[in-house]
Each structure stands twice: as C-alpha cells, then as structure tokens.
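# Structural features, examined
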Amino acid sequence: MDNSKRFLLIIGTAWMIDALDVALLSFIMPLLKTEWALNATQLGVVAAITSAGMMVGALLCGRLSDMFGRKKVLIGTLILFSLSNLALVFAPNVTWFIIIRFVTGIGLGGELPVAATIIADRYTGKKRSQMLVLSDSFWAYGWILASVIAFFVIPHFGWRVAVMLTVIFASYALVLRKHLPPDPLVKTKHTTQPFQELLFPKNKRPFIMISIVWLIVMLTYYGIFLWLPSVLVLRGFPIVNSIGYTLIMSIAQLPGYYLAAHLLSKISPKKLLITYLLGTIASSLVFILSTSLPMVLISGAFLSFFDLGAWGILIALTPSLFQTSIRGTAMGTAQSIGRFGATIGPFLVGWLLDMKTGIAFIFSLFVVLLLIAVIIINFGINEQAS
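Presented here is a report on the structure given in the accompanying data block. Treat the numbers as computed from the prediction; the structure is a model and nothing was measured.

What counts and what doesn't
Residues numbered from 1 in each chain as written. Predicted model: local features only at pLDDT ≥ 70, side-chain atom pairs only at ≥ 80, totals over all residues. Heavy atoms only, no water. 1 Å grid on protein atoms, 1.4 Å probe; cavity = no way out; pocket = protein on both sides within 12 Å on 5 of 7 lines; lining within 4 Å. Points joined across faces, edges and corners; volume = space filled by probe spheres on them. Helix = DSSP H or I, 4+ residues; strand = E, 2+ residues; numbered from the N terminus. Nonpolar A, V, L, I, M, F, W, Y, C, P; charged D, E, K, R; others polar. Buried < 20%, exposed > 50% of the residue type's maximum accessible area, 1.4 Å probe, protein only. Phe/Tyr/Trp six-rings, centres within 6.5 Å; stacked < 30°, edge-to-face > 60°. Contact = heavy atoms within 4.5 Å. Core = buried A, V, L, I, M, F, W, Y, C linked by side-chain atoms within 4.5 Å. Salt bridge = Lys/Arg side-chain N within 4 Å of Asp/Glu carboxyl O. Patch = residues over 30% accessible without salt bridge, like charges linked within 9 Å, V, L, I, M, F, W, Y side chains within 5 Å. Areas by Shrake-Rupley, 256 points an atom, 1.4 Å probe, with all protein chains shown as cover. Axes fitted to C-alpha atoms, helices over the stretch in contact; angles between N-to-C directions. Parallel < 35°, antiparallel > 145°, perpendicular 65-115°, else oblique. Left-handed = near helix turned anticlockwise from the far one by under 90°.

Turning our attention to empty space enclosed by the protein. Under the counting rule described, the total for this entry stands at three cavities of 30 Å³ or more. Lining the largest cavity, in full, are D21, L24, L25, I28, N85, L88, F97, R101, W159, V163 and T166. Elements with a contribution of two residues or more to the lining of the largest cavity: α1 (3-35), α3 (70-88), α4 (94-122) and α8 (159-177). It is α1 that contributes the most residues to the lining of the largest cavity, four residues altogether. Of the residues belonging to the lining of the largest cavity, the class tally is seven nonpolar, two polar and two charged. Looking at the second largest cavity, its volume works out to about 60 Å³. Forming the walls of the second largest cavity are G223, I224, W227, V231, V349, L353, I359, I362, F363 and F366. Among the elements of the structure, α10 (201-225), α15 (324-354) and α16 (359-380) are those that each provide at least two residues to the lining of the second largest cavity. Here the residues of the lining of the second largest cavity sort into nine nonpolar, one polar and no charged.

Here it is, written out as structure tokens:
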C-alpha cells in the first residue's frame, strides 16, 4: 500500500467513526422514544444536543490544532469520543443520555475539521480536493456499518450493546492514528489571534460566505437524514424496511463521492458543488412526491448520492480559501457555525412534526434553503489558488 492510500485509510477513520455515531443515533431514537416515553420534540433535543457539542468541539479543536499541532488534537478528540460513548452505555435516563451526548459531540465535532486540515496541509490543488472528497467517502462506510449493526445487533441485544461496538471501532481507529506522520507545519508566531485574522479584509468575505453555506448544508443534512428512519415509518413503511432502505442509501453515497473525486480533476470545486446541490434539490422534490416504494428507493438513493457528495466537495473547497497559519481555525470555526445549523435541523423537524406539519412542507423548506446556498456559492465565493 503506497503512502497516499495508507494516509487516506488512517484519516478516513475520522469520517467513518463520526458517521457511525450519527447514523446509529438515528436508529436508536425510535427505541429511546419507547423506552423513556419521549415525544417528537424531546427526540429532537436528543438529536440536537450532539450537534451542540460538535459546535463547541469544532470551534475549540480547530484553534487548538493551529496552536499545538494537528496530530495531537486529532488523537485527543477520539479519546474523548471513546470515553464518553463508554459512559453512554450506562446512561440510566434521558437526562444523563443528553449530558453524555453533549460531551460525545465535542469529540466528534473537533475530529472532522482537524482531519480535513491535516489533508489540506499535505496536498495542494486538484490532489488536495480529491483526497478530501475520498476521505469524506468513509462517511458512507460508517453509515453502512451502522445499518448492519441496526439490523443484526439492536433487535437482539439492544442499543447499549450497539453503542459499545462503536467504542471498539474507535479504539481500533486510535491505534491507526498513532502511525500518522508528524505535522509538517512550521510553527510561526502570530502578531494577531487567528480568530481576528478571519475578519481581515482578505479573509472576511470568504469566511462569512462559506460559513453560511456550511450552516445550510448541515441544517438540511441532519434535519433530513437523522430523522429518515422515523420519517419512513410515518409514511407507512415498517421499521425493518426503513433500515434496509437506509443501507441502500448508504451504499448510494459511494458513487457520489467517487464521481466527485474524479470530476474534481476536470471541474472546479465551486462549479461542482453547485451541480451537486442542484441534484440534491431535484432529488428532494422527487422524494416529496413519491408514493410508491420503488420511487422512494430511487429518489432516496439519488438524494444520498448528491447530498453526501456535495458535503465532500464543500470540505474540499473550504481549506483552499485560507492560508495555512489559520486554516485549522478557519475550518473549525466555519464548521462550528455549520454545527449550529445541525443543532437546529433535528429539533426543527421534531417540532414541526409535533405541530402536525406535513413532511412535504419540511422538505420544501429545506429545498428553499439549499437554493439560497447555491446563490451564495455562485455569487459570493471566489476560488483562490493555494
């Protein structure tokens, strides 16, 4: 295995572990509703609290990676995630579940921006974009793994055993990350704080624009996919079918990532991101109008294809907008703002469902937000050579 593939495998575990946790929570939520007699709004809080922790983790760890190095912080985030998920196994009630999930979110939220920054530090141009998208493709493997656990483990052993499995996978990832090469950064003294540098004229506009895009992409993604098993049940599909459907959707992510990685050698990240977001919008509209199982499967697969591919392209675009010395802070802060959207998304869906708002209205709202993101990318972001 050459160095690039080995490096990709090690870093890709960051996306895999994050996706495994997020996806598994979506399968656990219906069980928590029954076990602790929760309503949809309470379930929204359970989903949203993880994103709140992620918001803190992304903001904090991005800055720490600029100060103390990427590798140390990346390993630290995984240790925090592992220990908190171990504690989650013993959560006696929903209050403790929520508290522990917040801490888990700090580890998860800090992991991805630091992992993306490590790749951005080591590669440039088209190679950087391709490596970032391929790393993000491990998100699909996390969802596939969660779907398998949900189908074969949860029905027989319960959600606590499933959470314990995530601790085991995280421990394996921790061993892999110890073999990461040293940070290539040459530490320099800042005359100003990196957070202040983000507001310098050359950084302010791209930072604000890309942060809004992250906010919209995360709000719509978590609002849709974290609630997807529950939404399918509400639409009349049994929970077993929804799990199998989610497995199909997870597999559909992979060609979306791989095609994006290939096209990035021919098309700029900005243009490709717009294309994938428009594909997400079209797939969402078809999903809203679908009434038969085949159409739900097909539209859902395309939704997964485009939405997750867009996420990967956004990860590839963001670090190219900022210089190395503040890249970790910029990635972390932009994703932290995005995590605010991820916090709102699940809670918003739960609240709208409790208010008896139709699923069609919820998806239509997300379509409008994605159209706003397309406009911002097209007119508000200028790609920079780096």
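The phi dihedral of A37 falls on the positive side, at around 50°, and the residue is not glycine. With respect to the secondary-structure elements, A37 resides in the loop between α1 and α2 (40-68). Overall, A37 belongs to the exposed group, its relative accessible area being 65%. Phi is positive for K356, close to 65°, though the residue is something other than glycine.

Before going further, it helps to examine the packing of aromatic side chains. Both the distance between ring centres and the angle between the ring planes are used here to describe each pair of aromatic rings. All told, the structure shown has 17 aromatic pairs when counted by the stated rule. Centroid distance Y221 to Y222: 5.1 Å. Interplanar angle 90°. Geometry classified as edge-to-face. For Y221, a relative accessible area of 0% translates into the label buried. Taken together, a centroid distance of 6.4 Å and an interplanar angle of 20° make the contact between F302 and F306 stacked. Linking F302 with F306, this pair stays in helix α14 (residues 293-317), spanning four residues, or about one helical turn. Residue classification places F306 among the buried residues on the basis of a relative accessible area of 19%. Through successive ring pairs, a cluster of aromatic residues spans W139, W214, Y221, Y222 and W311.

Let us now look at the side chain of T50. Here T50 lies in helix α2. The contact partners of T50, leaving out residues within four places of it in the chain, are D21, L25, R101, G105 and L108.

This paragraph deals with the nonpolar core. Across soluble globular proteins, nonpolar side chains show a tendency to be buried alongside one another. Core analysis: the largest hydrophobic core is formed by 129 residues, its most contacted members being W15 and W139. Not counting chain neighbours up to four residues away, the residues in contact with W139 comprise W15, M16, D18, A19, V22, L112, Y221, Y222, Q253, Y257 and L308.

For the structure shown, the criterion picks out five salt bridges. Residues E35 and R160 are paired through a salt bridge, measuring 3.5 Å at the closest nitrogen-oxygen approach. Of this pair, E35 sits in helix α1 while R160 sits in helix α8, and the two are 125 residues apart along the sequence. Owing to a relative accessible area of 39%, E35 belongs among the partly exposed residues under this scheme. Residue classification places R160 among the partly exposed positions, given a relative accessible area of 25%. Measuring nitrogen to oxygen at the nearest pair gives 2.5 Å for the salt bridge that ties R70 to D66.

Relative to the elements of secondary structure, L31 occurs in helix α1. Counting along the chain gives 124 residues from L31 to P155, while the straight-line C-alpha distance between them is 10.0 Å. Filtering out sequence-adjacent residues up to four positions away, L31 remains in contact with I154 and W159.

Moving on, we come to a nonpolar patch on the surface. The grouping of V45, F347, W351 and M355 at the surface amounts to a nonpolar patch, some 360 Å² of accessible area in total. Here V45 lies in helix α2. The class for V45 is partly exposed, based on a relative accessible area of 31%.

Within the secondary structure, S84 is located in helix α3. In contact with S84, other than residues within four places in its own chain, are I100, V103 and T104.

Before going further, it helps to examine the packing of α10 against α14. Following both chains from N to C, one finds α10 and α14 inclined at 150°, their axes separated by 11 Å at the closest point. Viewed along their axes, α10 and α14 adopt a mutual orientation that is roughly antiparallel. The handedness of the crossing between α10 and α14 is left-handed. Contact with α10, carried on its side by I210, V213, W214, V217, M218, Y221, Y222, I224 and F225, involves L303, S304, D307, L308, W311, L314, I315 and L317 of α14 and no other residues of that element.

So yeah, pure geometry; function would need other evidence.
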